[in-house]
Amino acid sequence: MTIGRTTLSDHVVREIVEEIKQRQLRADDEIPAEGELAERHGVNRLVVREAIRTLVARGVLVSSQGKRARVATPSPAVLEQILAFRLSQNSMDLPDLLDTRRVIEGELARRAAARVAAGHGSVEEAERALQVMRDSAGDRDAFITGDLAFHEAVAQLADSGVFSFLLAAMNGALFDARRASYRGREERGARQEATIEAHQRILDAVAAGDAEGATRAMADHLAETSNDLGLLPSE
């Protein structure tokens, strides 16, 4: 049976990723040269280049003309693009993605509060982000920037790499939903201050080290967000 070039390229992709793991390469470390990889895997350089292009597209490697490919800095950008594309193609619906966000952010709030209770970290970044929201309640995009910074600060305080990574990808995919939520509050006559107050309740619970309270406050806030998007009935 003849193995096609695409199959060979996929094989080299897997082998490069495995080598990165085994050698414990970190961001900006170089991988072997194309010629060495071609000889090692019994393929020509075109197959190696195709594999490297695939890994660059996946955010695993970065490549520049005339230099060896290097390990990329981990980024949620690729996952963000996948989520955003699936939303645009209706192969994933907004309520499902918001439910996932609810699970992730509830856990992040709980962990953040638990770490504060244990004397690890502070809520200063979240406080600064909340102040940005207060100062820009009439400016939609500035308000959303503060909102994103607040949730990122809680995630950083929670010190959970995987959850924080997933949240960053979801935040990008849900940026348009945040704009729609802002508009939805205005259309139903609600004040942006109500959202600020919801964030304040999250902050207060985290600062007090109240894990259950922080989880509950985050759940209440995200339920209200769904309401703003018309995904939950108004109370």
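Residues numbered from 1 in each chain as written. Predicted model: local features only at pLDDT ≥ 70, side-chain atom pairs only at ≥ 80, totals over all residues. Heavy atoms only, no water.

## So, the nonpolar core
Here is step 1: Residues Leu-83, Leu-97, Phe-150, Leu-174 and Val-206 are the most contacted members of the largest nonpolar core, which totals 41 residues.
Here is step 2: The set of elements that each furnish at least two residues to this core consists of α4 (77-88), α5 (94-117), α6 (124-135), α7 (140-158), α8 (161-173), α9 (175-187), α10 (192-207) and α11 (211-228).
Here is step 3: Dropping the residues within four chain positions of it, Leu-83 is found in contact with Met-92, Leu-97, Ala-169, Met-170 and Ala-173.
Here is step 4: In this structure, Ile-16, Val-43, Ala-51 and Ile-52 belong to the second largest nonpolar core, which totals 17 residues. (Core = buried A, V, L, I, M, F, W, Y, C linked by side-chain atoms within 4.5 Å. Buried < 20%, exposed > 50% of the residue type's maximum accessible area, 1.4 Å probe, protein only. Helix = DSSP H or I, 4+ residues; strand = E, 2+ residues; numbered from the N terminus. Contact = heavy atoms within 4.5 Å.)

## Looking at empty space enclosed by the protein
Here is step 1: Enumeration over the complete set of coordinates arrives at one cavity of 30 Å³ or more.
Here is step 2: The volume enclosed by the largest cavity comes to roughly 80 Å³.
Here is step 3: Every residue lining the largest cavity is listed: Arg-101, Phe-143, Ile-144, Asp-147, His-151, Arg-178, Ser-181, Tyr-182, Arg-185, Thr-195, His-221 and Thr-225. (1 Å grid on protein atoms, 1.4 Å probe; cavity = no way out; pocket = protein on both sides within 12 Å on 5 of 7 lines; lining within 4 Å. Points joined across faces, edges and corners; volume = space filled by probe spheres on them.)

## Describing the pattern of salt bridges
Here is step 1: Enumeration over the complete set of coordinates arrives at 14 salt bridges.
Here is step 2: Of the charged contacts in the structure, one is a salt bridge between Glu-34 and Arg-49, with a shortest N-O distance of 2.8 Å. Taken together, the residues Glu-34 in helix α2 (residues 34-41) and Arg-49 in helix α3 (residues 45-57) connect sequence positions 15 residues apart.
Here is step 3: Since its relative accessible area comes to 26%, Glu-34 is described here as partly exposed.
Here is step 4: Of the residues examined, Arg-49 reaches a relative accessible area of 34% and is grouped as partly exposed.
Here is step 5: When the shortest N-O distance is used, the salt bridge between Arg-179 and Asp-141 registers 3.3 Å. Placement of Arg-179 in helix α9 and of Asp-141 in helix α7 is noted, with a sequence separation of 38 residues between them.
Here is step 6: On the accessibility criterion, Arg-179 (27% relative accessible area) is partly exposed. (Salt bridge = Lys/Arg side-chain N within 4 Å of Asp/Glu carboxyl O.)

## A look at the layout of surface pockets
Here is step 1: As a volume, the largest pocket reaches approximately 260 Å³.
Here is step 2: Every residue lining the largest pocket is counted, 14 residues in all, and those nearest its centre are Glu-34, Ile-52, Ser-63, Ser-64 and Lys-67.
Here is step 3: Of the residues forming the lining of the largest pocket, the biggest block, four residues, is contributed by α3.

## Description of the confidence of the model for the protein chain
Low pLDDT marks regions whose predicted coordinates should not be analysed in detail.
Here is step 1: Averaged over every residue, the pLDDT of the protein chain is 89; the share at 70 or more is 95%.
Here is step 2: Mean pLDDT across the elements of the protein chain bottoms out in α4 (83) and peaks in α6 (96). (pLDDT = per-residue confidence, 0-100.)

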